[in-house]
Amino acid sequence: MKWIVGLGNPGSAYDKTRHNVGFMALDALAARHGITFGPSKCKALIGEGHIGGTKVVLIKPLTFMNLSGESVHAFMSYYKATLEDLVVVYDDLDTTVGKIRLRYQGSAGGHNGIKSIIQHTGTQTFNRIRMGISRPDPGFAVVDYVLSSFAKKEKEYVLQMIDHSCDAVEYSLNHSFEQTMAKYNGLKD
């Protein structure tokens, strides 16, 4: 079983914000494969299904971004899931809108959702798909920026980035994460 965690904030007020591209990617992946999210378990909305013959669980934590690790830990404990089978999909300020960057380890880089996962799992080694949201212009507070919607001119890039993230998740189900990184890192258009 592979488990894919998309990071975001629950509630309609956050639906289309930059901080919620992880949720957007999981929604798109679920739509591609007819997976529906059921009632909450492990402090998350969970959708179970198969992608290309591989059992997958799609997880959208309901803990709000800064406590995402609580949901990840609860899922791991209950289902005896391993970190080797985990992919976390989330927003990244240091990546340009429209691009994705894959990593299998590293620090949180200032991302509180990843920081929480590292704290609750005790390791920095887990697969990640970072979706670019770019940095705000000078004088624009980061907290306000990540909770804002994408600009109209960015919409096309965001949709492509979501598609590429879904493609990367699908590819990773039957290939090593190193192979997935080689194929998808920096991909745009």
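Residues numbered from 1 in each chain as written. Predicted model: local features only at pLDDT ≥ 70, side-chain atom pairs only at ≥ 80, totals over all residues. Heavy atoms only, no water.

### Here we look at the overall build of the chain
Logical step 1: Broken down by element type, the chain carries six helices and six strands.
Logical step 2: Each helix and strand of the chain, ordered N terminal to C terminal, gives the series β-α-β-β-α-β-β-α-β-α-α-α.
Logical step 3: For a compact globule of 189 residues, the expected C-alpha radius of gyration is about 16 Å, and the chain comes in at 15 Å, within 12% of that figure.
Logical step 4: When its C-alpha atoms are laid out on the principal axes, the chain stretches across 45 × 30 × 30 Å.
Logical step 5: The 189 residues of the chain split such that 50% are buried.
Logical step 6: Across the chain, the fraction of contacts at a sequence separation of at least 24, relative to all contacts at a separation of at least 6, is 68%.
Logical step 7: Across the chain, the mean location of the 21 positive side-chain charges is 2 Å away from that of the 18 negative side-chain charges. (Helix = DSSP H or I, 4+ residues; strand = E, 2+ residues; numbered from the N terminus. Rg over C-alpha atoms; globule rule 2.2 N^0.38 Å. Buried < 20%, exposed > 50% of the residue type's maximum accessible area, 1.4 Å probe, protein only. Contact = heavy atoms within 4.5 Å. Lys, Arg positive; Asp, Glu negative; His and termini not counted. Charge placed at Lys NZ, Arg CZ, Asp CG, Glu CD.)

### Looking at the packing of aromatic side chains
What describes a pair of aromatic rings is the distance from one ring centre to the other and the angle between the planes of the rings.
Logical step 1: In the structure shown here, the tally under the stated rule is six aromatic pairs.
Logical step 2: Centroid distance Tyr171 to Tyr184: 5.7 Å. Interplanar angle 65 degrees. Geometry classified as edge-to-face. Highlighted residues: Tyr171 in helix α5 (residues 155-172) and Tyr184 in helix α6 (residues 177-184), separated in sequence by 13 residues.
Logical step 3: Taking the ring centre of Phe23 as reference, the NZ or CZ of Lys60 above it sits at 5.4 Å.
Logical step 4: The side chain of Arg128 reaches across the aromatic face of Phe126, ending 4.2 Å from its centre. (Phe/Tyr/Trp six-rings, centres within 6.5 Å; stacked < 30°, edge-to-face > 60°. Lys NZ or Arg CZ within 6 Å of the ring centre and 35° of its normal.)

### Overview of the pairing of strand β4 (residues 86-92)
Logical step 1: Within β4, seven of the seven residues are buried, which leaves it mostly tucked inside the rest of the structure.
Logical step 2: Looking at chain direction, strand β1 (residues 2-6) and β4 are connected through four bridges and run parallel. Considered in β4, the bridge of Gly6 is made with Val89.
Logical step 3: Relative to strand β6 (residues 125-132), β4 runs parallel, the two being bridged by six bridges. Residue pairing across strands places Val87 opposite Asn127, the latter belonging to β6. (Pairing = 2+ DSSP bridges.)

### Considerations on helix α2 (residues 68-79)
Logical step 1: Spanning twelve residues, α2 covers 17 Å between terminal C-alpha atoms, matching the ideal 16 Å at 1.5 Å per step.
Logical step 2: Listed in full, the buried residues belonging to α2 are Ser68, Gly69, Ser71, Val72, Phe75 and Met76. Projected down its long axis, α2 shows its buried positions confined to an angular sector of 160 degrees, all on one face.
Logical step 3: For α2, the secondary structure elements touched by its buried residues are β1, β2 (44-51), β3 (54-61) and α3 (112-121). (Expected span 1.5 Å × (residues − 1). Arc of directions from axis to C-beta.)

### Here we look at the pairing of β2
Logical step 1: Note: β2 against β3, eight bridges, orientation antiparallel. From the neighbouring strand, Ile46 faces β3, where its bridge partner is Ile59.
Logical step 2: As consecutive antiparallel partners, β2 and β3 are separated by two residues, and within that stretch Gly52 has a phi angle of approximately 55 degrees, a positive value.

### Some remarks on the pattern of salt bridges
Logical step 1: As enumerated under the stated definition, the model contains twelve salt bridges in all.
Logical step 2: We note a salt bridge from Asp27 to Lys60, for which the minimum N-O separation is 2.6 Å. Here Asp27, found in helix α1 (residues 21-33), pairs with Lys60, found in strand β3; they are 33 residues apart in sequence, far enough to count as distant.
Logical step 3: Relative accessible area serves as the criterion here: at 35%, Asp27 is assigned to the partly exposed category.
Logical step 4: Judged by its relative accessible area of 9%, Lys60 is buried.
Logical step 5: Where Lys55 meets Glu48, a salt bridge forms, and the shortest distance between an N and an O atom there is 3.0 Å.
Logical step 6: Overall, Glu48 belongs to the partly exposed group, its relative accessible area being 40%. (Salt bridge = Lys/Arg side-chain N within 4 Å of Asp/Glu carboxyl O.)

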